[in-house]
Amino acid sequence: MTHRILNVALAALTALPFANTLAANPADGVVELEVLPGWRTQAGTHMAGLEITLAPGWKTYWRVPGDGGIPPRFAWDGSENLQGVALHWPVPEVSRINNMRSIGYEGIVVIPVELALDNADAPARLAGRVQIGVCEEICVPVMLSFDAALPVDGRRDAAIVASLVDRPRTANEAGVGDVSCAISPIDGGLRVIAEIPMPPMGTDEEVVIESGDQQVWVSEPHTWREGPRLYASSDMIHVDRDGFTVNRSDMRITVIAGGQSVDIEGCVAG
């Protein structure tokens, strides 16, 4: 991953607003957050981790939470020797809450955090805040702060490595062919139908479509298969109800099934 991509990720994440939140800390018995200091990579980045521990029966959300969830929001203010951040999300679980799709984690989840540094030979500091949703019978947003030193001589952490291994497969690794997206206007927005040539992953295939614009809401897709091709249809609406366009190369499609996922970046006109 290049520093340019890491910088784009940092700019996008720190610009996001935070909602009103429920105060939370490790003493409340619901959620704890710990920074795993990690190590310097051969690429000159620093690989750390955010370890989230949830009380039994509680869940939190993936980067796209589903219609029933609360999206995570990060701010890195207070960090030092930092150019940019990339989050490496492990494969999430899909469930239904009140007939709405929820995508996330329970128990303990480690989110690897890869940092591009101003100076790869100097210590760094990872500090900031994260707003996440936590759910049991109800869902509430909580705000957690973090602050940790990241030494130059850090060591590989088994928990971070395990989460990096539990990553989505790429389109090439999963045998995905050329993905096309047909986009057409609907009342108040756009409809996208993605055609994904790929081997079946199981009977429980779930598809997530991201527009590439965080101001554009994307509905849970209607999905179906026709032999070796998986189809997904979603509606897109701008949060301000304004007109908008979608760049197919910025779209991201994730297929989740059987404890695995496939990450597909971009599509061509269909």
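Sequence order as written defines the numbering, with residues in each chain counted from 1. Two thresholds apply to this predicted model, a pLDDT of at least 70 for residue-level local features and 80 or more for giving and counting side-chain atom pairs, whereas whole-chain, interface and lining totals are computed over all residues. No hydrogens and no water enter the side-chain calculation; it runs on all heavy atoms of the structure.

1. Description of the overall build of the protein
Each helix and strand counted, the protein has two helices and 21 strands in total. Judged by the C-alpha coordinates and their principal axes, the protein covers about 50 × 40 × 40 Å. Every one of the 270 residues in the protein was classed for burial, and the buried ones make up 49%. Contacts were defined at the residue level, with two residues in contact if any of their heavy atoms lie within 4.5 Å. Long-range pairs, those at least 24 residues apart, make up 69% of the contacts in the protein with a sequence separation of at least 6. Surface summary for the protein: the accessible area is close to 13200 Å², and the carbon and sulfur share equals 50%. None of His or the chain ends enter the tally, which takes Lys and Arg as positive and Asp and Glu as negative. Lys charges are placed at NZ, Arg charges at CZ, Asp charges at CG and Glu charges at CD. In the protein, 19 side chains carry a positive charge and 35 a negative one; their mean positions are 4 Å apart. Labels follow the DSSP assignment, with helices taken as runs of H or I lasting at least four residues and strands as runs of E lasting at least two, numbered in each case from the N terminus. Between buried and exposed lies partly exposed: a residue is buried under 20% and exposed over 50% of the maximum accessible area for its type, with that area taken using a 1.4 Å probe on protein chains only. Under the convention used here, a 1.4 Å probe and the Shrake-Rupley method define accessible areas, while residue burial counts only the protein chains that appear.

2. Quick look at the state of the cysteines
By definition, a disulfide is the covalent link that joins the sulfur atoms of two cysteine residues. Any cysteine sulfur atom paired with another within 2.5 Å is treated as part of a disulfide. Tallying each qualifying case throughout the model produces two disulfides. Covalently, Cys135 is tied to Cys139 through a disulfide, its sulfur atoms 1.8 Å apart. Its S-S torsion of approximately 125 degrees makes the covalent link between Cys135 and Cys139 right-handed. Note on Cys135: relative accessible area 2%, which makes it buried. Residue pairing for Cys181: its cysteine sulfur links by disulfide to Cys267, the two sulfurs lying 2.1 Å apart. Looking along the S-S bond of the Cys181-Cys267 disulfide, the torsion reads about -115 degrees, which is the left-handed sense. Remark: Cys267 occurs in the loop between strand S20 (260-265) and strand S21 (268-269) and Cys181 occurs in strand S13 (residues 180-186); sequence separation between them is 86 residues. Per residue, the accessibility class of Cys181 equals that of Cys267, and both read buried.

3. Comments concerning the side chain of Ser234
Relative to the elements of secondary structure, Ser234 occurs in strand S18 (residues 229-238). Judged by relative accessible area, which is 0%, Ser234 ranks as buried. Separated by 3.0 Å, the side chain of Ser234 and the backbone oxygen of Ser219 make a polar contact. Ser234 has contacts with Leu190, Arg191, Val192, Ile209, Val218, Ser219, Glu220 and Pro221, leaving out every residue within four places of it along the chain. Polar contacts, as used here, are pairs of N or O atoms within 3.5 Å; protein pairs need one atom able to donate a hydrogen and one able to accept it. Residues neighboring in sequence count only if both atoms are side-chain atoms.

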